[in-house]
Amino acid sequence: MNPMAIRRNELLTEAAEQAADAARELGLTKERADQIGAAVADRLAENWAGQVLSFPKDHAYRLSLRDREILAARRNGAGYGELCRQYDMTERGMRKLIERAQLRDRDFNQMGLFQDAP
């Protein structure tokens, strides 16, 4: 089996397992959950056959809780000095953290649809 076929099989197996796990968490029996998982994988294969898929990495999701707290505080006007003292960091380290986190958090500088401009 070629490497792409192996990856494809891994993806469909993982999809089936994840769907089955979710179904069990919702109270279905193992047998019924496994049937649902297999059906989900079959439908994915049928409906998306021949397509090239790319799953984006959700960097915002991967931000740590601390990083999110720091971004929220910065967004609400906290200064670097205040944040450095609160999180026991150097200013250089804090600036790097915020810069890196801003790149990952697409919504950091995005004003809400119904939010007033600053």
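Since the structure is predicted, the reported quantities are computational estimates derived from the model, not experimental observations.

The complete set of buried residues in helix 5 (residues 80-87) reads Tyr80, Leu83, Cys84 and Tyr87. For helix 5, the buried positions fall inside an angular range of 100° around the axis, keeping them on one side. Facing away from the buried side of helix 5 by over 90 degrees, the exposed positions are Arg85 and Gln86. Packing partners of the buried residues in helix 5 comprise helix 4 (65-75) and helix 6 (91-104). After helix 5 finishes, the residue Asp88 shows a positive phi value of roughly 50°.

Attention shifts here to the packing of aromatic side chains. Enumeration over the complete set of coordinates arrives at 0 aromatic pairs. Directly above the aromatic system of Tyr80 lies the positively charged group of Arg74, at a separation of 4.0 Å from the ring centroid. Here the basic side chain of Arg95 rests over the ring of Tyr80, its NZ or CZ set 3.8 Å away from the ring centre.

What follows is about the pattern of salt bridges. Any two side chains of opposite charge can pair, on the condition that their charged atoms come close. Here the structure, examined in full by the defined rule, presents 6 salt bridges. Two residues, Arg24 and Asp21, come together in a salt bridge whose shortest N-O distance is 2.4 Å. One end of the pair is Arg24 and the other is Asp21, both in helix 1 (residues 3-25) and 3 residues apart, which spans about a single turn. Residue classification places Arg24 among the partly exposed positions, given a relative accessible area of 32%. For Lys30, the salt bridge is made with Asp34, and the minimal N-O distance between the two is 2.7 Å.

What follows concerns the nonpolar core. In terms of nonpolar packing, the biggest core is built from 11 residues, these being Ile70, Leu71, Ala78, Tyr80, Leu83, Cys84, Tyr87, Met94, Leu97, Ile98 and Ala101. Listing elements by their share of this core, those giving two or more residues are helix 4, helix 5 and helix 6.

Following the sequence through the fold, Met94 ends up in helix 6. With 14 residues separating them along the chain, Met94 and Tyr80 place their C-alpha atoms 7.0 Å apart. Among all residues touching Met94, those that are not within four sequence positions of it are Ile70, Tyr80, Leu83, Cys84, Tyr87 and Met89.

What counts, and at which threshold
- Along each chain, residues carry numbers from 1 onward, in the same order as the chain's sequence is written.
- It should be noted that, the model being predicted, local features are given only for residues of pLDDT at least 70 and side-chain atom pairs only at 80 or more, the latter also being counted only at that level, while totals for whole chains, interfaces and linings use all residues.
- Side-chain numbers here rest on the full set of heavy atoms in the structure, without hydrogens or water.
- Buried, partly exposed and exposed residues are distinguished by accessible area as a fraction of the type maximum, computed with a 1.4 Å probe on protein chains only: under 20%, between the cut-offs, and over 50%, respectively.
- Counting from the N terminus, the helices are the DSSP runs of H or I reaching at least four residues and the strands are the DSSP runs of E reaching at least two.
- An arc is given here, and it is the one of the directions from the helix axis to the C-beta atoms.
- In what follows, residue pairs with any heavy atoms lying within 4.5 Å of each other are defined as contacts.
- Here a Phe, Tyr or Trp ring, Trp counted by its six-membered ring, pairs with any other such ring whose centre lies within 6.5 Å, and the pair is stacked when the planes are under 30 degrees apart, edge-to-face when over 60, and tilted otherwise.
- In this analysis the charged atom, NZ for Lys or CZ for Arg, is taken to sit over a ring once it is within 6 Å of the ring centre and within 35 degrees of the ring normal.
- Basic side-chain nitrogens of Lys or Arg form a salt bridge, by our definition, when they fall within 4 Å of a carboxyl oxygen of Asp or Glu.
- To define a nonpolar core, start from buried Ala, Val, Leu, Ile, Met, Phe, Trp, Tyr and Cys residues and group those joined through side-chain atoms within 4.5 Å.

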